[in-house]
Amino acid sequence: MESCLKMVFVAFFVLVLGISTITVDGAVSQSTMKKIDMMNKKGPYLGIIVPNSFELTPLLESASFVADQKLPTLDFSGRRFRFGRLDNQSVVITMTGLSMLNAGVTTQLLLSLFKVKGVVHYGIAGNADPQLQIGDVTIPQYWAHTGLWNWQRFGDGPDDLLSLEPFGDYTRDVGYIKFSNYNNKTVENSLNNAWYQPEEIFPVYGTPEVRQHAFWVPVNRKYFALAQQLLVSTKSHKVLSSMEVLENKDDGRVIEPPAAVLELSSDEFRYDDRSSSTGEDDAGFGNGRYNPIWAEAENSVESFSRGSSVRRPRFPPLYPQRVALDSIITGHKPSWMLGRRPHVNSDSELEESSLEEHSLDSSLDSEAEIEENNTRMEWFDSGQNQIQKLKQPISAESSRSSPNRLMADSENQSSSGKFTPPKDFVCPITSTLFDDPVTLETGQTYERKAIQEWLDRGNSTCPITRQNLQSTQLPKTNYVLKRLIASWQEQNPGIVFSPSDNPSPQIEPMVKSIMPSTSPVSVISQAAIDSAVSELRIAITNLCMSEILKESEMAVLRIERFWLEANVEWDIQNMLSKPPVINGFVEVLFNSVDPRVLTATVFLLSELGSRDNAVIQTLTQVDSDVECIVALFKKGLMEAVVLIYLLRHCILNLVEMDLVDSLLSVIRKRNDDFPNMYLKPKSAAVVLLGHIVGVSESIAGSLTYEKSLERIISSLESESAEEKTAAIGILLRCMQQDGHCRNTIADKAELAPVLDSFTDAKDEERFEIVLFLSELVKLNRRTFNEQILHIIKDEGPFSTMHTLLIYLQTAAQDHCPVVAGLLLQLDLLAEPRKMSIFREEAMDTLISCLRNTEFPSAQIAAAETIMSLQGRFTTSGKSLARAFLLKRAGIDKIYKQRMRMDQHSSFSGEDETLDEEKAADNWERKLAFVLASHEFGLLFEALAEGLKSRISELCSACFVSATWLAHMLDVLPDTGIRGAARLCLIKRFISIFKSAKDPEDKALALLALGSFIHDPEGMQELNSCRRDIVKGLRELKRYTPLAFQMLKVFSEGQDSSAELWDHKELVQVDCSENGEVLSVVCFKDKIFSGHSDGTIKVWTGKGSILHLIQETQEHTKAVSSLAILQSKEILYSGSLDKTTRAWSISNEGIQCVEVHDMKDQVHNLAVTNSFSCFIPQSNGIKAHSWNGGSKMLNSGKSVKCFALVNGKIFCGCHDSTVQEIDLVTETLSTIQTGSRKLLGKSNPIHCIQYHSGMIYAAGSSLDGSAVKIWSAANFSLVGSLSTTLEVRAMALSSELIYLGGKGGCVEIWDREKQNKIIDTLQTGTNCKVLSLALDANEEVLVTGTSDGRIQAWGLS
């Protein structure tokens, strides 16, 4: 602490993935939200967080930052968010202010409001490392917040517990600082130890309010790439350790994070994120409560400073590396590769063997180590004279340099002990120190003369990155780098660097030579090997150096032949895996059009990439390389799929590359059509397709083409576990997206390999397998489902049920219901009345998941699993449970529609359909019995709790399941479970029936309630809510006959039916000024009335008031009748003025659109689409075509009234005759014969109605029954109403008969019982009821009287 702190730039990079735009309303104004939405459309952004304006202003004033023209800034909540572009990145920049609180709040606002893909936090900080200079940029591997302390009690020591430490609140595992050791000694200091504490964090995807601890936070390696531009501009050339030491004077503990190696090259920098020490204790605390990335004090930490030995980084290079060419051709290795093992047997060894660079210190391995390595070196003497065809170096400087060494790869000490220059000081083209360095737009730096010569040759790309250059004009000299080189030369005055003066160290050959033998045969074999290796060297030289495309293509073919014919050793593979060789292969891919060459290149890259991860690292550092490989694959180079497979983990936008069609083309081809590669192209294509479908499930819907599906199904039998797992995932998502392929998969899939893979699969893969099998048994044929269940049960290598039982005990909470559902179905293949451990465990799991409110997803999965156990599915695999229950409730439209589709596509005949129905019924009974009888109806309690949930999916699934099980109680043996169901569910069903708005929900609740009407206690519960239930039944009666049956149940045994059919007067209006109300009709929310003065009025009802919205008088005489043509929504009015008018109906009222001249007075009008019928002034009925023609019917009778139904006219005559006229055959049938006049008076039929196959005619009451009822089928008399009322009007509903007559009264009769009047409505005393009408819901009765009054009555 004695040395003054020096300022350095410290950049913190935190990668934030999976952040989606969140719509924030609340306190955000509407105008601000519009701006936020507008800017998010331009995202995603890189968020930049800056602590203060001192650090923010230089960035905003930089030429690299361009503000957004439309909305440069947005102010919100005391923060200003600045939008723009920084180089090629869309950025949003904001200032936090000091303190962690401000930083956290500002960052949260940034993430919540805007579409952000990551966050960068940079700023200025103090430094305790004397090697760092002002202006240096440091990229830490770990960062920590050291502001959280626990002060130890006075008198306690390091071995004493902290308060609350046993409960996990505090820890002594991080380290402490003893403040008294830093006392100025002027006064006594009683401060004790301050122990550093980890932060308590609550991960987004963790369990809420379950804390985790972290002290050292690792920086994500992906964001190191974003710092490249920053490092290139400052050109810092130090190897840094992120170790920071806080040491007291006595026995205080040393605080050390894991060491990090940060390295800067001319192309990019990289880091090693491995801890410097080994052992499990390095990763965190041993007690399991804390997991900081922390090293104990006694563990050694390697520091990387001048003069110390250099620890080689174990990561492969993050970019294409340049290596001295003849070190590849002659088999030389750079000095840092000495002592490496020739073969890699593990991932860790592979990483070490992929090492390409030293750290940037100028330290060197000890000479003793070099000596030891030299004892194992061998030189290739043969072949040196064959390397004469190398192309000339680009510049003069390069022509003077030794080809045996590339300075970028040789930074160790020479034999004289002098330092070689840092790699960034050396031109990658000339391999000499920069004299006039220029930095291109790609961030790569070259000697001006060398890069100019490169451009003068017609090249327009960067030599290292191969990115196209926007401008070929070279920029100004990089004076920062030039000054750094001059500073380095001043610090090393004794060094005059020239590559030719720097002797090449001995390096290990990359291809092992075989020890010579005295045998003639061995000599000949050695000569053949030497010749082949020489040929390989020449081919590699041509591949990397030749400017003639044909030579490079021939080189590829020679290398392929050598690879196929030779016994490939690791050393030869290592020679081909070097970045320059890989770059040469990629150049051939970019430029060649020869299919043989392209296939050979992809083959070699695939073989090399499969053996050496460094090859993949090289390929993925330049985006254009990956894009080229993908483009070739999409153009038909199918072998490239294997290479894309190797690159898949590095390709973030695999979905966006639109590879599906190309992958399917590979899958459809046979493997025999491809070369013998390390991985079959079909396997690679299936795995890639599995990755794509897993990310974007909607793509699965396009994969159901039968041939493609069959090839994917065949992958289930693959020897590759990865291909098999991918095929299972693809087929699963195909069934989920387009269930119609389920039958094809079930028919062709071999399930034994799927079951075989279950044992060795990971947990997520196991669940995919279970989900796949569960989806497979959702066929629309019950018999097929049971066949597949038998296969699943019997064909596994072990007991499938036992395997599922074990997995069920360890599966994730939201996975358990699906596993339990499948296990339960397998168990029920045996006798359902016999209990088993499998059934007990499955049922207990389903019930516990259904009741576990802490995991809503598990609750929903359990409820949906129970619902699907009903066993009926559509062809697409959707459960038919709800539709089938609606069918049983009398609303069968949906079920019939779906069944027609399924039968058309699946069933071959009526017998097969009946067999399937029988199998489905048997399965339903078995499942219902098992579910309902478990633990005496314990499931009913869980379902009742689910019905109270506010989660709509859970409530809906529980409702269907509970309805199904309650309905099945009538067909199950009564073992006492009906009482349990009643106690748990009946009140919930009554509540749903009373409150539901959807008629289907009401019908399902009614179906469930029907199971309790024969239970005395259940009926008592229902009667307690009798009035509300009856009201709901009236609303439901027009949808299902089940409501009629329930109404009968509630009306039986009641003293007064009027209580059930109580009518309340709603409104009355006086229209006496317009004369009598001759006709009323209802349509939607309007009432139309026709009056004797020719007026038509349009009313709408609002509460207890009838509002007149229109009045028109276009008829000159009385409007005798009104009729509605429902199909066209047209009102027809018939008048005594011998016209019929057609009126269009709108919200505003009616408008006359057509006038028909009827040639006669119109009484009792009825209309159809093509004609109308009415009673003229003379005898008979007149049929009038809308085209103008007319015809008289039944002209021999004086017709008083008629009803037009289904092409037949039922007419009542003056002589009380009732007749039927068939309009098609024009035949006349007599239903009732007329009678003679009595005392000179006629006995006419005043009104006639048709309803539900019955004819209702109201006439004279002389015989004791004024209303008679006949069957329309055979004209037999089936009933009568013994009323004394002189009936003048009649209206029929589904349950009631309304009769209006003299005295202004309306009698209400029960259509079923017909034995007594239910109620009488009084409209007046000195009037007649001339017209009656019911609304569409049969809940409002409208009457029109002779004294001009209109009244409305509601069914209360």
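Just above, that's the structure.
What counts, and at which threshold
- Residues numbered from 1 in each chain as written.
- Predicted model: local features only at pLDDT ≥ 70, side-chain atom pairs only at ≥ 80, totals over all residues.
- Heavy atoms only, no water.
- Helix = DSSP H or I, 4+ residues; strand = E, 2+ residues; numbered from the N terminus.
- Buried < 20%, exposed > 50% of the residue type's maximum accessible area, 1.4 Å probe, protein only.
- Contact = heavy atoms within 4.5 Å.
- Areas by Shrake-Rupley, 256 points an atom, 1.4 Å probe, with all protein chains shown as cover.
- Pairing = 2+ DSSP bridges.
- Axes fitted to C-alpha atoms, helices over the stretch in contact; angles between N-to-C directions.
- Phe/Tyr/Trp six-rings, centres within 6.5 Å; stacked < 30°, edge-to-face > 60°.
- Lys NZ or Arg CZ within 6 Å of the ring centre and 35° of its normal.
- Polar contact = N/O pair within 3.5 Å; in protein donor to acceptor, adjacent residues only side chain to side chain.
- Parallel < 35°, antiparallel > 145°, perpendicular 65-115°, else oblique.
- Nonpolar A, V, L, I, M, F, W, Y, C, P; charged D, E, K, R; others polar.
- Arc of directions from axis to C-beta.

Colleague: What am I meant to see in the overall build of the protein here?
Modeller: Counting its regular elements, the protein contains 40 helices and 47 strands. Here the protein, with 1356 residues, has 54% of them falling under the buried criterion. Considering only intrachain contacts with a sequence separation of at least 6, the fraction spanning at least 24 residues in the protein is 62%. As displayed, the protein has an accessible area near 62100 Å², and 50% of this comes from carbon and sulfur atoms.

Colleague: It is not clear to me how the sheet that holds strand E32 (residues 1190-1193) should be interpreted in this structure. Could you clarify?
Modeller: Two pairing modes exist for strands in a sheet, parallel and antiparallel, and in both the strands are linked by backbone hydrogen bonds. The strand order across the open sheet built from four strands is E29-E30-E31-E32, with neighbouring strands paired in antiparallel fashion. Looking at the sheet topology across the chains shown, the edges are occupied by strand E29 (1163-1167) and E32. Direction aside, the axes of adjacent strands within the sheet are offset by 20° on average.

Colleague: Before we go on, may I ask you to explain the packing of aromatic side chains in this structure?
Modeller: Aromatic rings in a pair are described by how distant their centres are and how their planes are angled relative to each other. Evaluation of the coordinates by the stated rule reveals 12 aromatic pairs. Considering the side-chain rings of tyrosine 176 and tryptophan 195, the 4.4 Å spacing of their centres and the 45° angle between planes classify their relative orientation as tilted. Highlighted residues: tyrosine 176 in strand E11 (residues 176-178) and tryptophan 195 in strand E12 (residues 193-196), separated in sequence by 19 residues. When its relative accessible area of 5% is taken as the criterion, tyrosine 176 is described as buried. Take tryptophan 195: its relative accessible area is 1%, and that puts it in the buried class. Residues tyrosine 1132 and tryptophan 1186 carry aromatic rings whose centres are separated by 4.8 Å and whose planes lie at 15° to one another, so their mutual orientation is stacked. One end of the pair, tyrosine 1132, is in strand E26 (residues 1130-1135); the other, tryptophan 1186, is in the loop between strand E31 (1181-1185) and E32, and 54 residues separate them in sequence. Accessibility classification places tyrosine 1132 together with tryptophan 1186 in one group, the buried group. Directly above the aromatic system of phenylalanine 758 lies the positively charged group of arginine 766, at a separation of 5.3 Å from the ring centroid. When the ring centre of phenylalanine 884 is taken as origin, the NZ or CZ atom of arginine 872, which lies over that ring, is 3.8 Å away.

Colleague: What's the story with the side chain of glutamine 197 in this structure? I'm lost.
Modeller: Among the secondary structure elements, glutamine 197 is positioned in the loop between E12 and strand E13 (199-201). In this structure the side chain of glutamine 197 is engaged in a polar contact, spanning 3.5 Å, whose partner is the backbone oxygen of tryptophan 195. Once residues lying within four places of it in the same chain are set aside, the contact partners of glutamine 197 are Leu148, Trp149, Asn150, Leu162, Tyr170, Thr171 and Phe215.

Colleague: It is not clear to me how the pairing of E12 should be interpreted in this structure. Could you clarify?
Modeller: Consecutive side chains along a regular strand alternate between the two faces of the sheet. Judged by which residues are buried, E12 turns out to be covered on both faces: Asn193 and Trp195 on one side and Ala194 and Tyr196 on the other are all buried. As judged from the three bridges shared by strand E10 (residues 149-151) and E12, these two strands associate in the antiparallel manner. Paired with tryptophan 149 across the strands is tyrosine 196, a residue of E12.

Colleague: Help me understand the packing of helix H15 (residues 595-611) against helix H16 (residues 613-620) in this model?
Modeller: For any two helices packed against each other, one specifies the inter-axial angle together with the distance between the axes. Orientation of H15 relative to H16, taken along the N-to-C sense of each, is 120°, at an axis distance of 5 Å. Taken together, the axis directions place H15 and H16 in an arrangement best described as oblique. In contact with Leu605, Leu608, Gly609 and Arg611 of H15, H16 contributes Asn613, Val615 and Ile616. Of the residues assigned to the contact of H15 with H16, the class counts are four nonpolar, two polar and one charged.

Colleague: Help me out: how do you make sense of the environment of leucine 771 in this one?
Modeller: Along the polypeptide, leucine 771 turns up in helix H25 (residues 763-776). You can call leucine 771 buried: its relative accessible area is 18%. Leucine 771 sits 51 residues away from leucine 822 along the chain, and the two C-alpha atoms are 8.9 Å apart.

Colleague: Before we go on, may I ask you to explain helix H9 (residues 448-456) in this structure?
Modeller: For the α-helix, the turn length of 3.6 residues means that residues three or four positions removed from each other point alike. Listed in full, the buried residues belonging to H9 are Ala450, Ile451, Trp454 and Leu455. Projected down its long axis, H9 shows its buried positions confined to an angular sector of 135°, all on one face. Among the exposed residues of H9, those pointing more than 90 degrees away from its buried face are Lys449 and Asp456. Looking at the buried positions of H9, the neighbouring elements they touch are strand E18 (437-439) and strand E19 (445-447). Downstream of H9 by a residue or two, glycine 458 has a phi angle that is positive, lying close to 100°.

Colleague: Hey, could you run me through the pairing of strand E38 (residues 1254-1258) in this one?
Modeller: In terms of burial, E38 is largely enclosed, as four of its five residues are buried. Between strand E37 (residues 1247-1251) and E38, which pair antiparallel in sequence order, lie two residues; one of them, serine 1252, sits at a positive phi of approximately 55°. The pairing of E38 with strand E39 (residues 1267-1271) spans five bridges and is classified as antiparallel. Across the sheet, the residue bridging to tyrosine 1256 is isoleucine 1269, located in E39.

Colleague: Looking at this structure, I do not really get unusual backbone geometry. What am I missing?
Modeller: Glycine aside, residues mostly have negative phi, and peptide bonds are mostly found in the trans state. Of the consecutive residues glycine 43 and proline 44, the connecting peptide bond is found in the cis state with omega at 5°. Mapped onto the elements of the fold, proline 44 is located in the loop between helix H1 (30-40) and strand E2 (45-50). In this model, asparagine 1194 sits at a positive phi of 50°, which is unusual for a non-glycine residue.

Colleague: Could you clarify how one ought to interpret H1 in this entry?
Modeller: Listing the buried residues of H1 in full gives Thr32, Met33, Ile36, Met39 and Asn40. Down the axis of H1, the sector holding all buried residues measures 130°, keeping them to one side. Residues of H1 that are exposed and angled more than 90 degrees away from the buried face: Gln30 and Lys34. Its buried side turned inward, H1 meets E2, strand E4 (73-76), strand E5 (79-86) and helix H3 (100-113).

None of the figures reported here should be taken as evidence of function without further support.
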